[in-house]
Amino acid sequence: MVEAQDIEVACVAGAVDDSNAGTAAMRANLYALGGEIRARAAQVETERRVPMSSIEALRGIGYFDIVKPKAFGGSEQDFATLVDLNIDLAKWCASTAWVAGLLAAHQWLVGSFPEQAQRDVWGQTPDALVCGSYAPACHAEAVDGGYRLSGRWSFASGCDCAQWSLCAAILPPQGTREMPAPAFLLVPESDYVIDDTWHVVGLAGTGSKTLVLDNVFVPAHRVLFFSETTSGLTPGAKLYPHKRDYALPMLSMIPSCLASVSVGAALGALEDYLERTSRRVTRGAVAGGHNRMAEFATIQLRVAEASASADAARMILLSDLRERQNTVRSGESVSVEDRIHSRRGQAFAVSLAIRATEALNASTGGQGLDLSHPVQRAWRDANAVGRHISMNWDTVGTMYGQMALGLDPKGQY
């Protein structure tokens, strides 16, 4: 069990910036797993979940500790570090990166909860992982000491690998709060069952199934209001003032982890495309036989477009994250304008990644129709990321345009 004095000591230790050395070591360890994770990509898609062997391998190198509080065994590195590493992981298997990135990001989100909630999650099980369902589709009932939850929570990515879940719900007016309010409620795996509803064409291996809760009690200390986490005014920001990263708005951070998957998928598709196309020759028909594909100008242009799009997407994501981090570390709050700027960068990065995979997949020919073809899988996975409500360019782009034009922005920020 972590004691109060342990948190105080860890806060002092956290003032020392060892992120560069930690990032280099983590990247080296991650790349050592790359071949193994890439080899499992087809299996992950077929089995529709990430195997525990991959989760344990990532746990072994400290992947789920990157942005976790030091007080509970984490390394408290920058969120940009997690996103950058998750891009690399997604090159080998987008579904694995989606699950691992979210499970790692949720360690930061749990760190935003009240201290007792963090003790509940990590006190007895220090390496516990947390999945989540973000849409507050159900209403909680206020009871003595907390709330009761019943209903279905969809799209709980990686739920087969987690010991807890973040279940979003609408909480009724209570005390000085006059209106219903959305919030995250932390629920242990013993309080829900998993309904296997995940049968899809993209990100098929994420196991984003449905959680079913029936009259589950959640104590009041396991609640984090959306208004707290979207503004950065969280209990964790007060508990860990040395780092300030727990004062970062959630929607400036976690969607970047989701977007990183499409960017990594595009970079992985480019690597595979270059490897295959550089040695491929035509077999006849319109192009004639025995011509090197690499010598076609159209192929060269597709490579250039994919490379530029993926590189730009990576730079946008990381630049926005570092700007938000610099803001809170200087003691300032992240403005609504900057929050919407982050949302724009996240969605546009995904649109660039989709553009990159489209450029490559369109010229893979008949071979690219095979479901096991990695470029095609990356194309499906990147498009699946773009279907997420937080990543949809039409929705997020119009929200930014509304703000820029002086209108009231409508959307998630």
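For the structure, check the block above.
Definitions and cut-offs
- Residues numbered from 1 in each chain as written.
- Predicted model: local features only at pLDDT ≥ 70, side-chain atom pairs only at ≥ 80, totals over all residues.
- Heavy atoms only, no water.
- Helix = DSSP H or I, 4+ residues; strand = E, 2+ residues; numbered from the N terminus.
- Buried < 20%, exposed > 50% of the residue type's maximum accessible area, 1.4 Å probe, protein only.
- Contact = heavy atoms within 4.5 Å.
- Areas by Shrake-Rupley, 256 points an atom, 1.4 Å probe, with all protein chains shown as cover.
- Lys, Arg positive; Asp, Glu negative; His and termini not counted.
- Charge placed at Lys NZ, Arg CZ, Asp CG, Glu CD.
- Axes fitted to C-alpha atoms, helices over the stretch in contact; angles between N-to-C directions.
- Parallel < 35°, antiparallel > 145°, perpendicular 65-115°, else oblique.
- Left-handed = near helix turned anticlockwise from the far one by under 90°.
- Nonpolar A, V, L, I, M, F, W, Y, C, P; charged D, E, K, R; others polar.
- Pairing = 2+ DSSP bridges.
- Salt bridge = Lys/Arg side-chain N within 4 Å of Asp/Glu carboxyl O.
- Phe/Tyr/Trp six-rings, centres within 6.5 Å; stacked < 30°, edge-to-face > 60°.
- Lys NZ or Arg CZ within 6 Å of the ring centre and 35° of its normal.
- Expected span 1.5 Å × (residues − 1).
- Polar contact = N/O pair within 3.5 Å; in protein donor to acceptor, adjacent residues only side chain to side chain.
- Disulfide = S-S within 2.5 Å.

1. Quick notes on the overall build of the protein chain
Check the secondary structure of the protein chain and you find 14 helices and ten strands. Judged by the C-alpha coordinates and their principal axes, the protein chain covers about 75 × 45 × 40 Å. For the protein chain, with 413 residues in total, the buried portion stands at 54%. Excluding contacts between residues fewer than 6 apart, the proportion of contacts in the protein chain whose partners are at least 24 apart in sequence is 73%. For the protein chain, the exposed area adds up to about 17,100 Å²; of that, 54% sits on carbon and sulfur atoms. Within the protein chain, the 44 negative side-chain charges are centred at a point lying 6 Å from the centre of the 36 positive side-chain charges.

2. Points about the packing of helix 10 (residues 250–277) against helix 13 (residues 374–387)
The geometry of helix 10 relative to helix 13 is characterised by a closest axis approach of 9 Å and an angle of 160° between their N-to-C directions. Between helix 10 and helix 13, the interaxial angle falls into the category roughly antiparallel. Seen along the crossing, helix 10 lies across helix 13 with a hand that is left-handed. Counted together, Leu258, Val261, Ser262, Ala265, Ala269, Asp272, Tyr273 and Arg276 of helix 10 and Pro374, Val375, Ala378, Ala382 and Val385 of helix 13 form the full contact between these two elements. For the contact of helix 10 with helix 13, the class distribution of residues is ten nonpolar, one polar and two charged.

3. Overview of the sheet that holds strand 5 (residues 181–188)
What the four strands build is an open sheet, ordered 1-4-5-8; its pairing is mixed. The open sheet is flanked by strand 1 (130–139) and strand 8 (223–225), the only strands paired with a single partner. Put simply, the sheet's adjacent strands are angled 25° from each other on average, direction ignored. Pairing geometry for strand 5 and strand 8, over three bridges, is antiparallel. The partner of Ala183 across the bridge, within strand 8, is Phe225.

4. What about the pattern of salt bridges?
On inspection of all chains with the given rule, the structure shows 25 salt bridges. Measuring nitrogen to oxygen at the nearest pair gives 3.3 Å for the salt bridge that ties Arg38 to Asp272. Separated by 234 residues along the polypeptide, Arg38 in helix 2 (residues 19–39) and Asp272 in helix 10 bring together distant segments of the chain. Here Asp272 falls in the buried class, since its relative accessible area comes to 3%. Close ionic contact of Arg276 with Asp272 constitutes a salt bridge, the shortest N to O distance being 2.6 Å. In this pair, Arg276 and Asp272 are both assigned in helix 10, four residues apart and thus about one turn of the helix distant.

5. Re the packing of helix 10 against helix 11 (residues 297–329)
Across the interface, helix 10 lies against helix 11 with an axial gap of 10 Å and an inter-helix angle of 155°. With respect to their mutual orientation, helix 10 and helix 11 come out roughly antiparallel. In this structure, helix 10 crosses over helix 11, and the sense of that crossing is left-handed. Looking at the contact of helix 10 with helix 11, its residues break down into 15 nonpolar, six polar and four charged.

6. Focus: the packing of aromatic side chains
Counted under the stated rule, the structure contains nine aromatic pairs. Plain terms: the ring middles of Tyr63 and Phe64 are 6.1 Å apart, the flat faces sit at 90° to each other, and that makes the pair edge-to-face. Note on accessibility: Tyr63 and Phe64 belong to one class, buried. Plain terms: the ring middles of Phe348 and Trp393 are 5.2 Å apart, the flat faces sit at 55° to each other, and that makes the pair tilted. Note that Phe348 is positioned in helix 12 (residues 336–361) and Trp393 in helix 14 (residues 393–404), a separation of 45 residues in sequence. We classify Trp393 as partly exposed; its relative accessible area is 34%. An aromatic cluster is defined as three or more aromatic residues linked by ring pairs; in this entry it consists of Tyr134, Phe184 and Phe226. The aromatic ring of Tyr400 is capped on one face by Arg344, whose charged end is 4.5 Å from the ring centroid.

7. Digging into unusual backbone geometry
Backbone geometry at Glu76 places phi at a positive 50°, although glycine is not the residue there. In this structure, Glu76 sits in the loop between helix 4 (52–60) and helix 5 (79–92). In this structure, Arg244 is a non-glycine residue whose phi angle is positive, near 70°. As for its placement among the helices and strands, Arg244 is situated in the loop between helix 9 (235–239) and helix 10.

8. Things to note about helix 14
With twelve residues, helix 14 extends 16 Å between its outermost C-alpha atoms, agreeing within 8% with the 16 Å of an ideal straight helix rising 1.5 Å per residue. Contacts from the buried residues of helix 14 go to helix 12. Structurally, the start of helix 14 carries an N-cap: the backbone nitrogen of Asp394 is 3.2 Å from a side-chain oxygen of Asn392. Phi turns positive, to about 85°, at Gly406, one or two residues after helix 14.

9. Remarks on the side chain of Arg339
In this structure, Arg339 sits in helix 12. Buried charged residue Arg339 carries no salt bridge. Nearest counter-charge: Glu337, at 8.3 Å. At 2.9 Å, the side chain of Arg339 and the backbone oxygen of Tyr413 are in polar contact. With sequence-adjacent residues up to four places away left out, Arg339 is seen in contact with Thr230, Ser231, Pro249, Ser252, Val334 and Tyr413.

10. Some details on the state of the cysteines
Tallied over the entire structure, the rule returns zero disulfides. Counting only cysteine sulfurs, Cys167 is the nearest neighbor of Cys138, a cysteine outside any disulfide, at a range of 8.8 Å. The thiol of Cys161 is not disulfide-bonded; the next cysteine sulfur, from Cys159, is found 8.0 Å away.

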